[in-house]
Amino acid sequence: MKTRKAIFLDRDGTLILDKNYLSRVEDMEYFPDTMKALQLLQQLGFELFIVTNQSGVGRGYFALESVYVIHRQLQNDLRAQKLSPFKDFAVCPHSPDEGCECRKPSGKMITDFIEKYNLSAEHCWMIGDKLIDAEAGKNAGIKSAIVRHHESKDFPYFKTLLDFALSLKK
Ligand SMILES: [Mg+2]
Ligand SMILES: [Zn+2]
């Protein structure tokens, strides 16, 4: 049976700059290493997914549609770089006080993808810039690492997403 391995990526602060409730596609800005990192991860055979908390929707700051506009732009930008688009996006639009099941650090958005796409959990990673991302991975039973912000000694840390991708090449 073919191994289906995936990287689940946080969006804000991991792929693009965290603009604190980003809602306008014009304000989207990539980290310098993002495309190179994604390219390397795809070359290594990983499917790429985005798993993002967007509580700005639940808080009434912006509509879910503006999240989708940003995600369409991400797909266009990947294609423009001759990369495969992201396989799928999971968005938790709820505010923390809604007590939903999906908001990270819950592992639900990840486990749903593992089931839906029949992925091999032992070969999957969750990568984000916050401790809640790594905890979501742990709660989903997969490996996790934190990039960009050194928040916890409990998880592997990489200065950039590219550093993480390079570590898998070894
Ligand atoms: Mg983040
Ligand atoms: Zn939710």
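Quick notes on the rules
- Residues numbered from 1 in each chain as written.
- Chains lettered and ligands numbered in written order.
- Predicted model: local features only at pLDDT ≥ 70, side-chain atom pairs only at ≥ 80, totals over all residues.
- Heavy atoms only, no water.
- Phe/Tyr/Trp six-rings, centres within 6.5 Å; stacked < 30°, edge-to-face > 60°.
- Helix = DSSP H or I, 4+ residues; strand = E, 2+ residues; numbered from the N terminus.
- Buried < 20%, exposed > 50% of the residue type's maximum accessible area, 1.4 Å probe, protein only.
- Donors = N, O, S within 2.8 Å, 3.2 Å for Na, K, Ca; no water.

Caption draft 1: The arrangement of the packing of aromatic side chains in detail. Enumeration over the complete set of coordinates arrives at 9 aromatic pairs. Seen from their ring centres, phenylalanine 8 and phenylalanine 113 are 6.4 Å apart, and the 5 degrees between their planes marks the pair as stacked. Of this pair, phenylalanine 8 sits in strand β1 (residues 6–9) while phenylalanine 113 sits in helix α4 (residues 108–116), placing them 105 residues apart in sequence. According to the relative accessible area criterion, phenylalanine 8 is buried, its value standing at 0%.

Caption draft 2: Inspection of the coordination of the magnesium ion (ligand 1) at higher detail. Bound to the magnesium ion (ligand 1) are the protein donor atoms Asp10 (OD), Asp12 (O) and Asp129 (OD), situated 2.1 to 2.2 Å from the metal. One chain supplies every donor for the magnesium ion (ligand 1), spaced along it as D-x1-D-x116-D. On the criterion of sequence distance, the pair formed by aspartate 12 in the loop between β1 and α1 (34–43) and aspartate 129 in the loop between β4 (125–128) and α5 (131–139) is long-range, its members being 117 residues apart. The burial state of aspartate 12 is the same as that of aspartate 129; both residues are buried.

Keep in mind these numbers describe shape, not what the thing actually does.
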